[in-house]
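Each chain is listed here by its residues.
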Amino acid sequence: MEDIIKDIVKDIVTFDFIQGLLTGIILSLVSFLGRTVWNKFKSYRENKKRLFYYIWKPENPMLNDDKIIKKISDYKKTWKMTMNEEGFDVVIDSSKMIDGFDAFEQGIIKLLNTERDKYEIYSTNYGVSYILTDANSEGEFKSMAFIVAKEIMKNQEEWIKEIHSIKKVKDKNIIVIELGLKGIHEIVKIKAIVIPSKMRHKE
């Protein structure tokens, strides 16, 4: 009789142990899946709210080594141009000239859209090595933006004090550059339409 009771108790203990173990495993899996789904949802929500996809922002601003920096208000006059985001169509308004910051801003936009060594009309020193809207990851964007920032600084070394950041706007072919200029006390933002290579080379 004692042996029968011992066997019954043993079976009950074993069953309870296995049941408890299985319950623990199931609860752990449910908890893990719940956390995973929640984290994915939070990440999705945060990405939806993000204005920028990619950001290059050095720990310290990229400084201009040139000691002579001119006031941006003295930037030379040029014809006003407009550009269509649907394609690389530049229209020159021969009835209007701009100077100062407006001309400088237009020069930066034009530079960002000019691939180095692609056009015979420009010297080999003009243009940028990368079209920033071609980047497919943040790491690639940061590498490209660092080189482009140096090229912008070199091309406009008379006018730029420092470059603070370069950013890619989410879901748009728009690059935002934050920089410091002589004659303007706050950090300036330049918003540039930059047409990706695949949109400008359709032939």
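Since we're looking at a predicted model, the values are computed, not measured.

## Some points on the pattern of salt bridges
Two side chains of opposite charge can pair, provided their charged atoms sit close to one another.
Then, in step 1: Going through the model one piece at a time under the given rule, you end up with four salt bridges.
Then, in step 2: A salt bridge links K70 to E158; the nearest nitrogen and oxygen atoms lie 2.8 Å apart. Of this pair, K70 sits in the loop between strand 2 (62–63) and strand 3 (78–83) while E158 sits in the loop between helix 3 (138–155) and strand 5 (160–169), placing them 88 residues apart in sequence.
Then, in step 3: Ionic pairing is found between E151 and R116, a salt bridge with its closest N-O pair at 3.5 Å.

## A look at helix 2 (residues 100–112)
Then, in step 1: Helix length check: helix 2, at 13 residues, gives a terminal C-alpha distance of 19 Å against a target of 18 Å (1.5 Å per residue), a fit within 8%.
Then, in step 2: G100, A103, F104, Q106, G107, I108, L111 and L112 are the residues of helix 2 that are buried.

## Things to note about the side chain of N113
Then, in step 1: Turning to its location among the elements, N113 is positioned in the loop between helix 2 and helix 3.
Then, in step 2: Only 2.8 Å separates the side chain of N113 from the backbone oxygen of I193, close enough to count as a polar contact.

## Observations concerning the packing of helix 2 against helix 3
Angle between the axes and distance between the axes are the two parameters that describe a pair of packed helices.
Then, in step 1: Where helix 2 meets helix 3, the axes come as close as 11 Å, and the angle between the chain directions of the two elements is 135°. By the angle class used here, helix 2 and helix 3 are oblique. The handedness of the crossing between helix 2 and helix 3 is right-handed. Contacts between helix 2 and helix 3 involve I108, L111 and L112 from the first element and V148, I152 and N155 from the second.
Then, in step 2: Its residues assigned to classes, the contact of helix 2 with helix 3 comprises five nonpolar, one polar and no charged.

## Structural notes on helix 3
Then, in step 1: Taking 1.5 Å of rise per residue, the 18 residues of helix 3 would be expected to cover 26 Å, and the 25 Å separating its terminal C-alpha atoms lies within 8% of that figure.
Then, in step 2: Inspection of helix 3 places F141, M144, A145, V148, A149, E151, I152 and M153 among the buried residues, and these make up the whole buried set.

## Some points on a nonpolar patch on the surface
Then, in step 1: Where nonpolar side chains cluster on the molecular surface, the patch consists of L22, I25, I26, L29 and V30 and spans about 470 Å² of accessible area.
Then, in step 2: What makes I25 partly exposed here is its relative accessible area of 43%.

## Let's talk about the packing of aromatic side chains
Then, in step 1: The final tally for this structure, using the stated rule, is five aromatic pairs.
Then, in step 2: The interplanar angle of 80° and the centroid separation of 5.6 Å between the aromatic rings of Y75 and F104 together place this pair among those described as edge-to-face. With a gap of 29 residues between them, Y75 in the loop between strand 2 and strand 3 and F104 in helix 2 connect regions that are remote in the sequence.
Then, in step 3: Judged by its relative accessible area of 7%, Y75 is buried.
Then, in step 4: Here the aromatic residues Y75, F101, F104 and W159 are joined through ring pairs into a cluster of three or more.

## Remarks on the environment of I184
Then, in step 1: With respect to the helices, strands and loops of the structure, I184 is situated in strand 7 (residues 184–193).
Then, in step 2: For the pair I184 and S73, spaced 111 residues apart in the sequence, the C-alpha separation amounts to 9.0 Å.
Then, in step 3: Beyond its immediate chain neighbours, meaning those up to four positions away, I184 contacts I72 and F101.

Reading the values: rules and limits
- Residues numbered from 1 in each chain as written.
- Predicted model: local features only at pLDDT ≥ 70, side-chain atom pairs only at ≥ 80, totals over all residues.
- Heavy atoms only, no water.
- Salt bridge = Lys/Arg side-chain N within 4 Å of Asp/Glu carboxyl O.
- Helix = DSSP H or I, 4+ residues; strand = E, 2+ residues; numbered from the N terminus.
- Expected span 1.5 Å × (residues − 1).
- Buried < 20%, exposed > 50% of the residue type's maximum accessible area, 1.4 Å probe, protein only.
- Polar contact = N/O pair within 3.5 Å; in protein donor to acceptor, adjacent residues only side chain to side chain.
- Axes fitted to C-alpha atoms, helices over the stretch in contact; angles between N-to-C directions.
- Parallel < 35°, antiparallel > 145°, perpendicular 65-115°, else oblique.
- Left-handed = near helix turned anticlockwise from the far one by under 90°.
- Contact = heavy atoms within 4.5 Å.
- Nonpolar A, V, L, I, M, F, W, Y, C, P; charged D, E, K, R; others polar.
- Patch = residues over 30% accessible without salt bridge, like charges linked within 9 Å, V, L, I, M, F, W, Y side chains within 5 Å.
- Areas by Shrake-Rupley, 256 points an atom, 1.4 Å probe, with all protein chains shown as cover.
- Phe/Tyr/Trp six-rings, centres within 6.5 Å; stacked < 30°, edge-to-face > 60°.

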